[in-house]
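A closer look at the structure
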Amino acid sequence: MAKIAELKKYLGYEFSSGSYTGEDYKSFQTKYINYLKAVCRENHWQLVNVGRNHYCFSAFIKSMRGSDPDAAVYYLAKMLYAGEDVKFIARRIMICASEDVGNADPMALTVAVAAAQAVERVGMPESQIILSQAVTYVACAPKSNSAVNAITEAGRAVQQCQTTVPSHLRDAHYKGSQKLGHGIGYKYAHDYPGHYVEQQYLPDEIKDARFYEPGDLGYEKDIKEYLRKIRGGNNL
């Protein structure tokens, strides 16, 4: 109904069947065609180039992953011009922040989540500013896919190998747990220097497995050094 009212206002006529003849009809027809062209230009992604939004989203994600803020914000603008849902765009930014940045810059996910919450409260047109901030932050952040690799490898291990939780890690807060050997020998990390003590956490069947291997960029460089120290038995 809103579009009909808008069309009436644009044309300057009231609709009634058979109302227009001669020059009035030609004027009406010209205005009507011009209106449709304007609508098509405004919504050309949906009305003329159906399906191209999919390619735009692909380019959008790849531009953030590839650390090109100019391309990323361009595709953002293109999607916004096409009338894409800002909440959907925000969800994709959150995914990219975790999938392609991860612990190389943990703030990327925080910025993306804050942006997703903000666009729901603010709405357009100001939401485009919020999305632009999040997109450029994620695009410029150091990159890592170590979190993706870690969960992929861990998931593969779950599917390929049956394991049992080590007895010393099992819950010992119920009556009779000690008779089953649960919790016996567990070392509470905070009781040791540096809040760390060497201890087996993985099941016996995969006790030497490595799933998370941090990268060399951003904060993950510090994580990598920390893990190197504790895995090598060095004092913290």
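A brief report on the enclosed structure follows. Computed from a prediction, not measured in an experiment: that's the story for all the values here. (Residues numbered from 1 in each chain as written. Predicted model: local features only at pLDDT ≥ 70, side-chain atom pairs only at ≥ 80, totals over all residues. Heavy atoms only, no water.)

Below, the discussion takes up the overall build of the chain. Each helix and strand in the chain was counted, giving ten helices and zero strands. Secondary structure of the chain in N-to-C order comes out as α-α-α-α-α-α-α-α-α-α. Relative to its 236 residues, the chain shows a buried fraction of 28%. Considering only contacts within the chain whose residues lie at least 6 apart along the sequence, 57% involve residues at least 24 apart. Accessible surface, the chain: about 15,600 Å² in total, of which carbon and sulfur atoms supply 54%. (Helix = DSSP H or I, 4+ residues; strand = E, 2+ residues; numbered from the N terminus. Buried < 20%, exposed > 50% of the residue type's maximum accessible area, 1.4 Å probe, protein only. Contact = heavy atoms within 4.5 Å. Areas by Shrake-Rupley, 256 points an atom, 1.4 Å probe, with all protein chains shown as cover.)

Here we take up helix 9 (residues 146–160). The end-to-end C-alpha distance of helix 9, which contains 15 residues, comes to 21 Å, matching closely the 21 Å that a straight helix rising 1.5 Å per residue would cover. Where the residues of helix 9 are buried, they touch helix 10 (219–231). (Expected span 1.5 Å × (residues − 1).)

Before going further, it helps to examine the nonpolar core. Counting residues in each nonpolar core, the largest one holds 29 residues, and the members touching the most others are Phe60, Met64, Ile89, Ile93, Leu131 and Val138. Every element with two or more residues in this core is listed here: helix 4 (52–65), helix 5 (69–81), helix 6 (86–101), helix 7 (107–122) and helix 8 (127–140). In terms of residue count, helix 6 provides more of this core than any other element does, seven residues in total. Setting aside chain neighbours within four positions, we find Phe60 in contact with Ala72, Tyr75, Leu76, Met79, Ile89, Ile93 and Val135. (Core = buried A, V, L, I, M, F, W, Y, C linked by side-chain atoms within 4.5 Å.)

Attention now moves to the packing of helix 5 against helix 8. The interhelical angle for the contact between helix 5 and helix 8, taken along N-to-C directions, is 150 degrees, at an axis separation of 9 Å. With respect to their mutual orientation, helix 5 and helix 8 come out roughly antiparallel. Considering how the two elements wind past one another, helix 5 and helix 8 form a crossing that is right-handed. Where helix 5 approaches helix 8, its residues Pro69, Ala72, Val73, Leu76 and Leu80 are matched on the opposing element by Gln128, Leu131, Ser132, Val135, Thr136, Ala139 and Cys140. Tallied by class, residues from the contact of helix 5 with helix 8 come to nine nonpolar, three polar and no charged. (Axes fitted to C-alpha atoms, helices over the stretch in contact; angles between N-to-C directions. Parallel < 35°, antiparallel > 145°, perpendicular 65-115°, else oblique. Left-handed = near helix turned anticlockwise from the far one by under 90°. Nonpolar A, V, L, I, M, F, W, Y, C, P; charged D, E, K, R; others polar.)

Residue placement: Ala157 occurs in helix 9. Remark: the alpha-carbon pair of Ala157 and Ala209, spanning 52 residues in sequence, is separated by 9.1 Å.

Next up on the list: a nonpolar patch on the surface. A cluster of nonpolar residues, Tyr186, Tyr188 and Tyr201, forms a patch on the protein surface that exposes about 330 Å² of accessible area. Along the polypeptide, Tyr186 turns up in the loop between helix 9 and helix 10. (Patch = residues over 30% accessible without salt bridge, like charges linked within 9 Å, V, L, I, M, F, W, Y side chains within 5 Å. Salt bridge = Lys/Arg side-chain N within 4 Å of Asp/Glu carboxyl O.)

Let us look at the pattern of salt bridges. Taken as a whole and assessed by the stated rule, the structure comprises six salt bridges. Taking the shortest distance from any N to any O, the salt bridge between Glu225 and Arg228 comes out at 2.6 Å. Separated by three residues within a single helix, Glu225 and Arg228 lie in helix 10, roughly one turn from each other. Taking the relative accessible area as the measure of exposure, Arg228 reaches 47% and is therefore partly exposed.

This next bit is on the layout of surface pockets. Over the atoms, a rolled probe matching the size of one water molecule traces out where space is still vacant. Looking at the largest pocket, its volume works out to about 580 Å³. Lining the largest pocket we find 15 residues, and of these Tyr196, Gln199, Tyr201, Arg210 and Arg231 sit closest to its centre. Here the residues of the lining of the largest pocket are counted per class, giving eight nonpolar, two polar and five charged. (1 Å grid on protein atoms, 1.4 Å probe; cavity = no way out; pocket = protein on both sides within 12 Å on 5 of 7 lines; lining within 4 Å. Points joined across faces, edges and corners; volume = space filled by probe spheres on them.)

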